[in-house]
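# A look at the structure
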Amino acid sequence: MILEHIRDRKLKQLYQALTRSDFSGNYEDDYVLSVLYAMRCIDVCQSQQTVCREKDYVDLAKEIIRISDVSEENDFGEISIMSWTRALFDYMRQNEKAYKDIHRMNSYDLVKGVYEFVG
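None of these values were measured; they are calculated from a predicted model. (Residues numbered from 1 in each chain as written. Predicted model: local features only at pLDDT ≥ 70, side-chain atom pairs only at ≥ 80, totals over all residues. Heavy atoms only, no water.)

## Some points on the overall build of the chain
When helices and strands are tallied, the chain shows 6 helices and 0 strands. The linear arrangement of helices and strands in the chain, starting from the amino end, is α-α-α-α-α-α. Based on the C-alpha atoms only, the size of the chain along its principal axes is roughly 50 × 30 × 25 Å. When each of the 119 residues of the chain is scored for burial, the buried share is 34%. (Helix = DSSP H or I, 4+ residues; strand = E, 2+ residues; numbered from the N terminus. Buried < 20%, exposed > 50% of the residue type's maximum accessible area, 1.4 Å probe, protein only.)

## A short note on a nonpolar patch on the surface
Among the surface-exposed residues, Y15, F23 and Y27 lie close enough to one another that they form a single nonpolar patch of about 310 Å² accessible area. As for its position among the elements, Y15 is in helix α1 (residues 2-19). Taking the relative accessible area as the measure of exposure, Y15 reaches 30% and is therefore partly exposed. (Patch = residues over 30% accessible without salt bridge, like charges linked within 9 Å, V, L, I, M, F, W, Y side chains within 5 Å. Areas by Shrake-Rupley, 256 points an atom, 1.4 Å probe, with all protein chains shown as cover. Salt bridge = Lys/Arg side-chain N within 4 Å of Asp/Glu carboxyl O.)

## Some remarks on helix α3 (residues 57-73)
When the terminal C-alpha atoms of α3 are compared, their 24 Å separation across 17 residues agrees well with the 24 Å that a helix rising 1.5 Å per residue should span. Every buried residue of α3 is accounted for by Y57, L60, A61, E63, I64, I65, R66, I67, S68, V70 and S71. Of the surrounding secondary structure, the elements contacted by the buried residues of α3 are α2 (31-46), α4 (81-94), α5 (99-104) and α6 (107-115). (Expected span 1.5 Å × (residues − 1). Contact = heavy atoms within 4.5 Å.)

## A few points about a negative patch on the surface
A cluster of acidic residues, D69, E72, E73 and E78, forms a negative patch at the surface. Examined against the element boundaries, D69 turns out to sit in helix α3. Judged by relative accessible area, which is 38%, D69 ranks as partly exposed. (Lys, Arg positive; Asp, Glu negative; His and termini not counted. Charge placed at Lys NZ, Arg CZ, Asp CG, Glu CD.)

This is how it looks when you write it as structure tokens:
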């Protein structure tokens, strides 16, 4: 029980450091947490099909965040980061694209292409 309380306190401190939250619904930034979650989604999807190298995890996570942001701005609906990650992996595999190809693509065209694999 004591170790659990210590872990919980450290998790709250980490969260506050990453977001500068006051725990009253006010935070300055959640980008780092979003990228970390996208990296977790990549890691889960990698267990099913290898699409990217470990050194590209952070960059691919940023691309997933870009896809999610552009989709929200263009009314593609509310789609989870995990769904976008799975769809991106399918899109990359089917179209034989590597991270560098994804990075070079126009944001809207990338979202349209990946959107076909959501579902």
